[in-house]
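Report on the structure
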Amino acid sequence: MLQFQKLETLLKKVSTSNPFYQNKFNSLGITSSEIRSLDDLGKLPFTTKREFEEDQKRHPPFGTNLTEPLENYVQYRQTSGTTGKPIKFLDTKESWQWRGKVACYILKGAGVTKEDRMLLPFNFGPYTAFWIMYEGGYQLGTLIIPTGGWNSLQRLQCILENRATVIPTTPSYALTLAETAKENHIDIANSSVRILMLTGEPGALIPGIREKLESHWNARCFDVIGMTEVGTWGFQCTEEPNGVHILESEFIAEVIDPHTAIPVQEGEVGELVVTNLGRSCMPSIRYRTGDLVKVKKGSCSCGRTFHVLDGGVLGRKDEMIIIRGVNVFPNVLTNIVESHIGPGDDYQIEVYEKKGINEMRIQLEIKEEDRSKAIKQAIQDEIRGKLNIRVEVNTIPKGTIPKSDYKAKRFIDRRKEGNV
Ligand SMILES: [Zn+2]
């Protein structure tokens, strides 16, 4: 009911003064008054990333998805543009506070309190990710320690000196920090850090990565899921280590068949579609995220009634790949590889085409060469056992895979490059 009231308010505002959605609704001949309950949501059109891109191209610089006069907007962010031209997103004071309120709720869900000290190992650029944690921590009343522009060692020293307890970061960078600590004889497991808020890429929900991070840091990992276009819609509670809650007080989630757009049954894998309820100034209504998810049946022991997505985001719609008739999600492979490799090792998963057939290979960077043969074999065996497919596993020289302090590029699709 609360969801519907918020949706109704949003649609009223949008129908009055948002040219982007006015055009979309007019072209279908639909008015907001026809949406009388949540069951009518399906009458509204989907929104895609491509539409936002084209709108901003035609109406530079900010497009027409603006409900308020331009002078009311106070924050500028943009998407990273990994799959196209970056999209610009503006927030008003009100919508920025909403983003913070969402992050505050998520931090509380992980057990963060105003007693905590949150260190942000993040370069404060135009990307939304950790700005949201900044705003959430601020609203919650934690002490916030920004370390933009610093290197890993400086950040580690800052963690120790100021007894930071919460670190929002990407899983890759949390591992990089742990490796830097080891190289510099810093005992990070005995530091004051007790919580890692992980975002940007799968990590806390991949047992191989979670176990590694929890043992390095001696801290608990929580997954935080969102995207600039809609906001931070997914979070982990303290009771469910294998799933994320959808923050249904602030978002409406639907799960559809990615090909037919028909809703899937509970427990079936489908594409997540999200409507945000707190950004009427630049909303995303029925936004097709491209994320594949599966709603878990039953309730969570934390007492929240919000739905749980089993395994979080299982993969991207465009990354799900069929290898000899088997649907393969990159996350499943990531999990297998992560459970065999050690600290300092790295890997990439490549998909390519050979004689018109999808093939996959795993490129491993193994720190100590004498372990590589056994690891290769173990990974191959586990993939064959679990997925019933044979995958090539190679070792490549150390330093071949580029390192990043944001997201590691683990999955490479070479099919567009032709036969390799
Ligand atoms: Zn829960």
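Residues numbered from 1 in each chain as written. Predicted model: local features only at pLDDT ≥ 70, side-chain atom pairs only at ≥ 80, totals over all residues. Heavy atoms only, no water.

1. Observations concerning the overall build of the chain
For the chain, the count of helices and strands is 10 helices and 20 strands. The C-alpha atoms of the chain give 22 Å as radius of gyration, which agrees with the globular expectation for 420 residues (22 Å, within 12%). Seen through its C-alpha atoms, the chain measures out along the principal axes to roughly 70 × 55 × 45 Å. Looking at the chain as a whole, 52% of its 420 residues are labelled buried. Taking the 54 positively charged and 53 negatively charged side chains of the chain as two groups, their mean positions are separated by 1 Å. (Helix = DSSP H or I, 4+ residues; strand = E, 2+ residues; numbered from the N terminus. Rg over C-alpha atoms; globule rule 2.2 N^0.38 Å. Buried < 20%, exposed > 50% of the residue type's maximum accessible area, 1.4 Å probe, protein only. Lys, Arg positive; Asp, Glu negative; His and termini not counted. Charge placed at Lys NZ, Arg CZ, Asp CG, Glu CD.)

2. A few points about the side chain of Arg-99
Inspection of the secondary structure assignment puts Arg-99 in helix α4 (residues 93-109). The exposure class assigned to Arg-99 is buried, which follows from its relative accessible area of 4%. With sequence-adjacent residues up to four places away left out, Arg-99 is seen in contact with Asp-91, Thr-128, Ile-132, Thr-228, Gly-231 and Arg-279. (Contact = heavy atoms within 4.5 Å.)

3. Brief notes about the sheet that holds strand β18 (residues 357-365)
Reading across from one edge, β19-β18-β17-β20 is the order of the 4 strands in this open sheet, with mixed pairing throughout. With partners counted over all chains shown, the strands left at the sheet margins are β19 (392-395) and β20 (411-413), one partner each. Taken pair by pair, the neighbouring strands of this sheet meet at an average axis angle of 25°, ignoring direction. Both β18 and β19 contribute to a ladder of 4 bridges, which runs parallel. Residue pairing across strands places Ile-362 opposite Val-393, the latter belonging to β19. Each of β17 (346-354), β18 and β20 is contacted by helix α9 (residues 330-340), which is oriented at about 140° to β17, the strand it contacts most. (Pairing = 2+ DSSP bridges. Axes fitted to C-alpha atoms, helices over the stretch in contact; angles between N-to-C directions.)

4. A look at the environment of Ser-301
Within the secondary structure, Ser-301 sits in the loop between β12 (287-294) and β13 (308-310). Separated by 250 residues in sequence, Ser-301 and Glu-51 have C-alpha atoms that sit 40 Å apart.

5. Some details on the coordination of the zinc ion
Here the zinc ion is held by the protein donor atoms Cys-237 (SG), His-245 (NE2), Cys-300 (SG) and Cys-302 (SG), which lie 2.1 to 2.3 Å from it. One can describe the donor arrangement at the zinc ion as tetrahedral, given that its 4 donor atoms subtend angles of 104 to 113° at the metal. Within one chain, the residues serving as donors to the zinc ion are arranged as C-x7-H-x54-C-x1-C. Accessibility expressed as a relative area gives 10% for Cys-300, which makes it buried. (Donors = N, O, S within 2.8 Å, 3.2 Å for Na, K, Ca; no water. Tetrahedral: all angles 85-135°; square planar, octahedral: opposite > 155°, others 65-115°.)

6. Topic: the nonpolar core
Counting 65 residues, the largest nonpolar core has Leu-7, Phe-25, Leu-44, Met-133, Met-197, Trp-233 and Ile-285 as the members making the most contacts within it. Here this core takes 7 residues from α4, the largest share from any one element. Not counting the four nearest positions on each side in its chain, Leu-44 is found in contact with Leu-11, Phe-25, Ile-30, Ile-35, Ile-285 and Arg-286. Ranked by size, the runner-up nonpolar core spans 25 residues in total, among them Ile-145, Leu-156, Ile-188 and Ile-209. (Core = buried A, V, L, I, M, F, W, Y, C linked by side-chain atoms within 4.5 Å.)

7. Overview of the packing of aromatic side chains
A full pass over the atoms with the stated rule returns 15 aromatic pairs. The interplanar angle of 15° and the centroid separation of 5.8 Å between the aromatic rings of Phe-52 and Tyr-287 together place this pair among those described as stacked. Of this pair, Phe-52 sits in helix α3 (residues 49-58) while Tyr-287 sits in strand β12, placing them 235 residues apart in sequence. A residue is classified by how much of its surface remains accessible, and Phe-52, at 3% relative accessible area, is buried. With centroids separated by 4.9 Å and ring planes inclined at 85°, the aromatic side chains of Phe-124 and Trp-131 adopt a geometry described as edge-to-face. An aromatic cluster is defined as three or more aromatic residues linked by ring pairs; in this entry it consists of Phe-20, Tyr-21, Phe-25, Phe-52, Phe-89 and Tyr-287. (Phe/Tyr/Trp six-rings, centres within 6.5 Å; stacked < 30°, edge-to-face > 60°.)

8. A short note on the sheet that holds strand β14 (residues 315-316)
Read across the open sheet, the 4 strands follow the order β10-β11-β12-β14; overall the sheet is antiparallel. Looking at the sheet topology across the chains shown, the edges are occupied by β10 (251-256) and β14. Of the strand pairs in this sheet, β12 and β14 are connected by 2 bridges, and their pairing is antiparallel. Note that in β14 the partner of Asp-291 across the bridge is Arg-316.

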